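Fold and geometry: a report
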Amino acid sequence: AQSVTQLGSHVSVSEGALVLLRCNYSSSVPPYLFWYVQYPNQGLQLLLKYTSAATLVKGINGFEAEFKKSETSFHLTKPSAHMSDAAEYFCAVSVYSSASKIIFGSGTRLSIRP
Amino acid sequence: DAGVIQSPRHEVTEMGQEVTLRCKPISGHDYLFWYRQTMMQGLELLVYFNNKAVMDDSGMPKDRFSAKMPNASFSTLKIQPSEPRDSAVYFCASSATGTGHSYEQYFGPGTRLTVT
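Summary of the structure given here. Just so it is clear, the model here is predicted, and its values are computed rather than measured.

1. Some details on the pairing of strand β9 (residues 88–95) of chain B
Residue and element names in this part refer to chain B. When you tally the buried positions in β9, you get eight out of eight residues, the bulk of the element. Burial along β9 is two-sided: the residues A88, Y90, C92 and S94 and V89, F91, A93 and S95 are all buried. Two elements, β9 and strand β11 (residues 111–115), share three bridges in a ladder whose sense is antiparallel. Bridge pairing in β11 places A88 opposite L113.

Spelled out as C-alpha cells, the structure:
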C-alpha cells in the first residue's frame, strides 16, 4: 500500500535561508506525488505535482521538488525563505488502485525567523 | 471558476444537535472528497464520491455521520447527533480524471465546526 512520511513536524529557518522539507514515499508502482501548502485558516493549495514527466518539478512561489526513485524521496526546497512562506506543508501520494484517492502525510509546519 | 465552495464557514452548535455541511465542487469534476482536520489526528478522509456514487466511506463514523451527493454540483455531510469530539475543520475537495488530468485535488476553504 502507498504511504508517505514527512520527516520533522516543525522546521524553522531564517528569512533568506534555504528551505528543505523532507518527504519519503512508499509505492510498489510509479506514483503521482504532490506538495500542498496550508496557510492559517485556509484550505490546502497545490504547490506542485510529479506525474512521471520531469523529475525536477517547479511549483508556485519559487518552490521546487525533485523525484528520486532510488531514494524514494520527493523533498521540497526553496533557495531563499520569505516570511510569507510560513505555513503547514503536506506531502501526498496517489493510490494506484484508485488514482483519484490521495494519501497525505502528517504535515510539516514551517516557521520563518526574521 | 470560483473553486470549491463550502458553507457555512463557521458553525457553533450544542451537543445533540444536527449539523449539515454543504459543498459545491468545481464544475466538471467527477470526484468529491470530505476530509476532517484536527490537531490530534491531522487530515482524515471521511468519504469520497465518483460521479455521485460513494466509493469509500470507511473513514466515516456511520452511526452519526451521513454523506450524500444528490447531483454533480452539490454534496452534504450530516452529523446527527453531534458530539464535542466532532469539533474540527471539515474540508471538501474535488478532482477531475481522464486525459489531461493528474488527480490533484482542489480544496475548499473549510467549515470550522465547534460542538459545545
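Now that the structure has been shown, we can carry on.
2. Thoughts on the packing of aromatic side chains
Summed over all chains, the structure comprises 15 aromatic pairs over all chains. For the pair F91 of chain B and F107 of chain B, a centre-to-centre distance of 6.2 Å together with 75° between the ring planes defines the contact as edge-to-face. Taken together, the positions of F91 of chain B in strand β9 and F107 of chain B in strand β10 (residues 106–107) put the pair 16 residues apart, joining distant regions of the chain. F107 of chain B shares its class with F91 of chain B; the two are buried. Through successive ring pairs, a cluster of aromatic residues spans F34, Y36 and F104 of chain A together with Y31, F33, Y35, Y48, F91 and F107 of chain B.

3. Let's talk about the nonpolar core
W35, L48, L76 and Y89 of chain A are the most contacted members of the largest nonpolar core, which totals 27 residues. Secondary-structure elements contributing two or more residues to this core are β2 (10–14), β3 (19–26), β4 (33–38), β5 (44–50), β7 (64–68), β8 (73–78), β9 (87–95) and β11 (108–113) of chain A. Among residues more than four places away in sequence, those in contact with L76 of chain A are V19, L20, L21, W35, L47, L48, F63, E64, A65 and Y89 of chain A. Residues V19, W34, L46 and A67 of chain B belong to the second largest nonpolar core, which totals 21 residues.

4. A short note on the environment of F65 of chain B
Residues and elements named next belong to chain B. Its place among the elements puts F65 in strand β7 (residues 65–71). You can call F65 buried: its relative accessible area is 4%. The sequence separation of F65 and Q80 amounts to 15 residues, and the corresponding C-alpha distance is 6.5 Å. Aside from chain neighbours lying at most four places away, what touches F65 is R36, M60, L77, K78, I79, D86 and Y90.

5. Details of the interface of chain A and chain B
Counting residues at the interface gives 18 residues for chain A, matched by 19 residues for chain B. Summing both sides of the interface, chain A and chain B together bury roughly 1500 Å²; the carbon and sulfur share of this comes to 56%. Three residues stand out in chain A for area buried against chain B, namely L44, S100 and K101 of chain A, and they jointly supply 33% of the buried area on that side. Counting across the chain A and chain B interface gives two salt bridges.

Cut-offs and rules
- Residues numbered from 1 in each chain as written.
- Chains lettered and ligands numbered in written order.
- Predicted model: local features only at pLDDT ≥ 70, side-chain atom pairs only at ≥ 80, totals over all residues.
- Heavy atoms only, no water.
- Buried < 20%, exposed > 50% of the residue type's maximum accessible area, 1.4 Å probe, protein only.
- Helix = DSSP H or I, 4+ residues; strand = E, 2+ residues; numbered from the N terminus.
- Pairing = 2+ DSSP bridges.
- Phe/Tyr/Trp six-rings, centres within 6.5 Å; stacked < 30°, edge-to-face > 60°.
- Core = buried A, V, L, I, M, F, W, Y, C linked by side-chain atoms within 4.5 Å.
- Contact = heavy atoms within 4.5 Å.
- Buried area = accessible area lost by both parts, 1.4 Å probe.
- Salt bridge = Lys/Arg side-chain N within 4 Å of Asp/Glu carboxyl O.

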